[in-house]
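So you can see what is in the structure, the chains are spelled out below.
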Amino acid sequence: MEGLLGDENHLLSGLIKRSQSGFFTVETEIGDLVCTLRGRLKRGKPSGDIAAIGDRVRVRRLENGTGLIEEIEPRDRMISRRAPLPGGEYEQIIIANPDQLAVVFACANPEPRLRMLDRFLVIAEKQEIPAVIIANKIDLVEFKTALEIFGHYRDVGYKVIYTSAHTGYGLDEFKGCLEKKITALTGPSGAGKTSLLNAIHPGFGLAVREVSRATRKGKHTTVISEMFPLPGGGYVADTPGLRSLALWDIEPEELDAYFPEIRPLVSACQFSDCTHLHEPGCAVREAVEHGKIHPQRYESYVRLRMGEDAW
Ligand code: GDP
Ligand code: ZN
């Protein structure tokens, strides 16, 4: 084949760091290569993204210095959304192989909307991604207040890191949590994502924000997506697309499985198709009454189950 460099069988292993309109920047042992997808990868798979940031790939370097993605390794996991298209659906991959989802909320200013947090957590559970809660702006409230807001998430099994980008509180723990991992970052705007990233690595947050800004301006939901390498190893990607992940991606009947504190009780309900809203003999409502499930979490479950928009 024309244009191929060196041994035709030699493929480089790499990681997709950036994706923009069919062009992928792949990090390889010989540096970053801008690649396109080999034609045959595109065949017979029109219903979703073929490659995305976070994908581990095998690329062939071409003479002109660009590359061809020849193979995409099977994904451990991914965050994806079903994007409606005229005449069908399209599975958009927001990020492949994330190790975790870090959800940043402020303890105050803006007031934390826990319904929104619970919705992010449901998404993480559905996609089987460990979630970490970053409770930022701890300098604005008493620590006691922060614990009242976020403390019970720890009982459910989520890691909660209390931080202040302004005073530096908790930043070592935040930094350590990102190290050597691929982290999808989300949270409401104003929570302090950019400030936190800047605080652990000067300029880092701004670089991440620029991309999500550019993405939001685009006509399509994901124009550019990019993971940024951390100096200590690991990558962070802002995932604005996650916020538009519609609840219709989740069937109401499966919702109880995505609340870790509800999940183990479901089999104890009297009715196997219990919605945990009003049935007699409901083990979930009993647990709420006995204070074993936090009332706010149950309230979130109810709202989401009823299909109310939580954003
Ligand atoms: P983003 O939209 O999530 O990226 O949030 P930004 O990083 O832009 O922060 C929004 C505002 O909150 C800015 O005015 C920051 O200076 C402020 N901010 C960020 N982190 C903290 C914090 O820990 N404490 C306080 N008091 N303000 C913060
Ligand atoms: Zn029940």
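Refer to the structure printed above.
Right, let's walk through the structure included here. Bear in mind the structure is a predicted one, so any value in this text is a computation, not a measurement. Position numbers for residues count from 1 along each chain, tracking the sequence in the order it is written. Key to labels: chains lettered from A, ligands numbered from 1, both in the order written. The predicted nature of this model means local features are confined to residues of pLDDT at least 70 and side-chain atom pairs, given and counted, to a pLDDT of 80 or more, with totals for whole chains, interfaces and linings taken over all residues. For side-chain calculations, the full set of non-hydrogen atoms in the structure is used, while hydrogens and water are omitted.

1. Observations concerning the overall build of the protein chain
Point 1. Every helix listed is a DSSP run of H or I at least four residues long, and every strand listed is a run of E at least two residues long, numbered separately from the N terminus. For the protein chain, the helix and strand inventory stands at 8 helices and 14 strands.
Point 2. Note on classification: 1.4 Å probe, protein chains only; a residue is buried when its accessible area is under 20% of the maximum for its type, exposed when over 50%, partly exposed between these limits. Looking at the protein chain residue by residue over its 311 residues, the buried ones come to 51%.
Point 3. It only takes one pair of heavy atoms within 4.5 Å for two residues to be counted as in contact. Intrachain contacts of the protein chain at a sequence separation of at least 6 include 65% that bridge at least 24 residues.
Point 4. Values of accessible area rely on a 1.4 Å probe in the Shrake-Rupley scheme; residue burial ignores everything except the protein chains shown. About 15,100 Å² of surface is accessible on the protein chain, with carbon and sulfur atoms providing 50% of the total.

2. So, the sheet that holds strand E8 (residues 100-106)
Point 1. Paired strands, as defined in this entry, are two strands with at least two bridges between them according to DSSP. Taken together, 6 strands build an open sheet; the order of strands is E10-E9-E8-E11-E14-E13 and the sheet is mixed. Of all the strands in the sheet, just strand E10 (159-162) and strand E13 (228-229) have a single pairing partner and so form its edges.
Point 2. Where helices are involved, their axes are fitted lines through C-alpha atoms of the stretch in contact, as for all axes, and angles between N-to-C directions lie from 0 to 180°. Against the sheet, helix H4 (residues 171-178) engages E8, strand E9 (131-136), E10, strand E11 (182-186) and strand E14 (235-238), with an angle of about 140° to E10.
Point 3. Sheet strands in contact with helix H5 (residues 193-200) are E8, E9, E11 and E14, and its direction is about 140° off that of E11.

3. Here we look at the coordination of the zinc ion (ligand 2)
Point 1. Water is absent from the atoms considered, so a metal site may look incomplete; donors are defined as N, O and S atoms within 2.8 Å of the metal, or 3.2 Å for Na, K and Ca. Note on the zinc ion (ligand 2): its protein donors are Cys-269 (SG), Cys-274 (SG), His-276 (ND1) and Cys-282 (SG). The metal-donor distances range over 2.1 to 2.4 Å.
Point 2. Angle rules define the geometry names used: all angles between 85 and 135 degrees makes four donors tetrahedral, while opposite donors over 155 degrees apart and all other angles between 65 and 115 make four donors square planar and six octahedral, leaving every other case irregular. In this structure, the zinc ion (ligand 2) is coordinated by 4 donor atoms arranged in tetrahedral fashion, with angles at the metal of 103 to 115°.
Point 3. Sequence positions of the residues that donate to the zinc ion (ligand 2) give the spacing C-x4-C-x1-H-x5-C. For the residue pair Cys-274 and Cys-282, the accessibility class agrees, reading buried in each case.

4. Brief notes about the pairing of strand E1 (residues 12-20)
Point 1. Two strands pair when backbone bridges link them, and E1 and strand E4 (residues 56-61) are joined in this way by 4 bridges, in the antiparallel orientation. Within E4, the residue paired with Gly-14 across the bridge is Val-57.
Point 2. Pairing of E1 with strand E2 (residues 23-28), which is carried by 6 bridges, proceeds in the antiparallel orientation. Its bridge partner lying in E2, Ile-16 is registered against Val-26.
Point 3. As consecutive antiparallel partners, E1 and E2 are separated by 2 residues, and within that stretch Ser-21 has a phi angle of approximately 45°, a positive value.
Point 4. Two strands pair when backbone bridges link them, and E1 and strand E12 (residues 224-226) are joined in this way by 3 bridges, in the antiparallel orientation. Counterpart to Ser-19 in the pairing with E12 is Ser-225.

5. Section: the environment of Arg-113
Point 1. The residue Arg-113 is located in the loop between E8 and helix H2 (114-126) in this model.
Point 2. Sequence separation between Arg-113 and Pro-188 is 75 residues; the distance between their C-alpha atoms is 8.9 Å.

6. Describing unusual backbone geometry
Point 1. Pro-110 follows Asn-109 through a cis peptide bond whose omega is 0°.
Point 2. In this structure, Pro-110 sits in the loop between E8 and H2.
Point 3. Even without glycine at this site, Ser-21 takes up a positive phi of about 45°.
Point 4. Tracing the backbone shows Ser-21 in the loop between E1 and E2.
Point 5. Overall, the relative accessible area of 57% leaves Ser-21 in the exposed class.

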